[in-house]
Amino acid sequence: MSLILVGLGVFVCFFGLTGFAAVIYFGFQARKQTKINDRDGKKTTFERLIIVNYLAICLSAFGLIVIIIGMLLS
């Protein structure tokens, strides 16, 4: 049981960290675009990235909690 929980926690943490890396990558890409002078467009893009960033951090934290519970059960 504990092995399953630890494996699930690692899997969830991996997806959370992948989401965090995607947010960093798309943030740099959005910032690099000099063609777009529309402030509202950039503002909505960065607001979406902030939301996805929070979701990725929460997913990683949940995975860490599952890992800790799995380790405590062993």
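What you see is a predicted model, and the numbers here were worked out from it, not measured in a lab.

### Looking at the overall build of the protein chain
No. 1: Helix and strand content of the protein chain: two helices and zero strands.
No. 2: For the protein chain, whose C-alpha radius of gyration is 17 Å, the value lies well above the compact-globule estimate of 11 Å for 74 residues.
No. 3: Overall, the protein chain is about 55 × 15 × 10 Å in size when its C-alpha atoms are taken along their principal axes.
No. 4: A buried classification covers 22% of the 74 residues belonging to the protein chain.
No. 5: For the protein chain, the proportion of contacts with a sequence separation of at least 24, taken over those separated by at least 6, is 79%.

### Considering helix α2 (residues 39-73)
No. 1: Over its 35 residues, α2 runs 51 Å from end to end, which matches the ideal 51 Å to within 8%, given 1.5 Å per residue.
No. 2: Within α2 the residues assigned to the buried category are L49, N53, A56, S60, G63, V66, I67 and G70.
No. 3: The secondary structure elements touched by the buried residues of α2 are α1 (2-32).

### What about the packing of α1 against α2?
No. 1: Relative orientation of the contacting elements α1 and α2 amounts to 160 degrees, with a least axis distance of 7 Å. Taken together, the axes of α1 and α2 are roughly antiparallel relative to one another. Crossing angle aside, the handedness with which α1 passes α2 is left-handed.
No. 2: Tallied by class, the residues present in the contact of α1 with α2 amount to 25 nonpolar, ten polar and two charged.

### A few points about α1
No. 1: The terminal C-alpha atoms of α1, which comprises 31 residues, lie 45 Å apart, in line with the 45 Å expected from a rise of 1.5 Å per residue.
No. 2: All of the buried residues in α1 are L5, G9, V12, C13, G16, V23, G27 and A30.
No. 3: Among the structural elements, α2 are those in contact with the buried residues of α1.

### Some thoughts on the state of the cysteines
No. 1: Enumeration over the complete set of coordinates arrives at zero disulfides.
No. 2: Cysteine C58 shares no disulfide, and the gap to the nearest cysteine sulfur, in C13, comes to 12 Å.
No. 3: Judged by relative accessible area, C58 falls into the exposed class, the value being 51%.

### Remarks on the packing of aromatic side chains
Each pair of aromatic rings is reported with the distance of its centres and the angle of its planes.
No. 1: In the structure shown here, the tally under the stated rule is three aromatic pairs.
No. 2: Taking the centre distance of 4.8 Å and the plane angle of 85 degrees together, the rings of F11 and F15 count as edge-to-face. Placement of both F11 and F15 in helix α1 is noted, with a separation of four residues, approximately one turn of the helix.
No. 3: Joined through ring pairs, the aromatic side chains of F11, F14 and F15 make up one cluster.

How each quantity is defined
Residues numbered from 1 in each chain as written. Predicted model: local features only at pLDDT ≥ 70, side-chain atom pairs only at ≥ 80, totals over all residues. Heavy atoms only, no water. Helix = DSSP H or I, 4+ residues; strand = E, 2+ residues; numbered from the N terminus. Rg over C-alpha atoms; globule rule 2.2 N^0.38 Å. Buried < 20%, exposed > 50% of the residue type's maximum accessible area, 1.4 Å probe, protein only. Contact = heavy atoms within 4.5 Å. Expected span 1.5 Å × (residues − 1). Axes fitted to C-alpha atoms, helices over the stretch in contact; angles between N-to-C directions. Parallel < 35°, antiparallel > 145°, perpendicular 65-115°, else oblique. Left-handed = near helix turned anticlockwise from the far one by under 90°. Nonpolar A, V, L, I, M, F, W, Y, C, P; charged D, E, K, R; others polar. Disulfide = S-S within 2.5 Å. Phe/Tyr/Trp six-rings, centres within 6.5 Å; stacked < 30°, edge-to-face > 60°.

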